[in-house]
Amino acid sequence: AINPGSSGGPLVDSKGQLIGVNSAIITRSGSFSGIGYAIPHAQVNKVVSSLIAHGRVIRPALGISIAPEHIMKQLGGEGVLVLDVIRGK
């Protein structure tokens, strides 16, 4: 169960093995019953490894900057308008 204060806590299976980290709950009643969400342990391991090695989480990037969606609508285009290609990405 995800209760106040247990977000960020371990999610374990019936054998006591870590399978994730509790992150959020969606509830219609405001109580602590509903749909709980957890970050899978494999993702947690990647983030922790990156934090240890680099002091931050490194995420993949396309290496481009794009125009806001409303610009494409004004131009009558579809898709993405690439404004710049970022060197080294």
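Only a predicted model underlies this, so the values are computations on that prediction, with no experimental measurement involved. Per chain, residues are indexed from 1 in the order of the written sequence. Local features in this predicted model are restricted to residues of pLDDT 70 or higher, and side-chain atom pairs are both shown and tallied only at a pLDDT of 80 or more, whereas totals for entire chains, interfaces and linings draw on every residue. Note that water and hydrogens are dropped before the side-chain values are worked out from all heavy atoms of the structure.

> A description of the sheet that holds strand E1 (residues 10-12) should follow, citing residues and the corresponding values.
Ordered in space as E1-E2-E3, the three strands form an open sheet in which the pairing is antiparallel. Single-partner strands in this sheet number two, and they are E1 and strand E3 (35-40). Averaged over all pairs of adjacent strands, the angle between their axes in this sheet comes to 50°, without regard to strand direction. Pairing between E1 and strand E2 (residues 18-26): three bridges, direction antiparallel. Among the inter-strand pairings, Leu11 is bridged to a residue of E2, identified as Gly20. Helix H1 (residues 41-54) contacts E2 and E3 of the sheet and is inclined by roughly 45° relative to E3. Only strands joined by at least two bridges in the DSSP assignment are considered to pair. Counting from the N terminus, the helices are the DSSP runs of H or I reaching at least four residues and the strands are the DSSP runs of E reaching at least two. Think of each axis as a best-fit line through the C-alpha atoms, taken over the contacting stretch in the case of a helix, with angles from 0 to 180 degrees between the N-to-C directions. It only takes one pair of heavy atoms within 4.5 Å for two residues to be counted as in contact.

> A description of a nonpolar patch on the surface should follow, citing residues and the corresponding values.
Surface patches are defined over residues having more than 30% relative accessible area and no salt bridge, joining like charges when they lie within 9 Å and nonpolar side chains (Val, Leu, Ile, Met, Phe, Trp, Tyr) when within 5 Å. In these tables, accessible area is a Shrake-Rupley quantity obtained with a 1.4 Å probe, and a residue counts as shielded only by the protein chains included in the view. Salt bridges are identified by distance alone: a Lys or Arg side-chain nitrogen within 4 Å of an Asp or Glu carboxyl oxygen. On the surface, a nonpolar cluster with roughly 580 Å² of combined accessible area is contributed by Leu62, Ile64, Ile66, Val80, Val82 and Val85. In this structure, Ile66 sits in strand E4 (residues 64-66). Only protein chains enter the accessibility calculation, which uses a 1.4 Å probe; a residue whose area is less than 20% of its type maximum is buried, one above 50% is exposed, and one in between is partly exposed. Classification of Ile66 as partly exposed rests on a relative accessible area of 47%.

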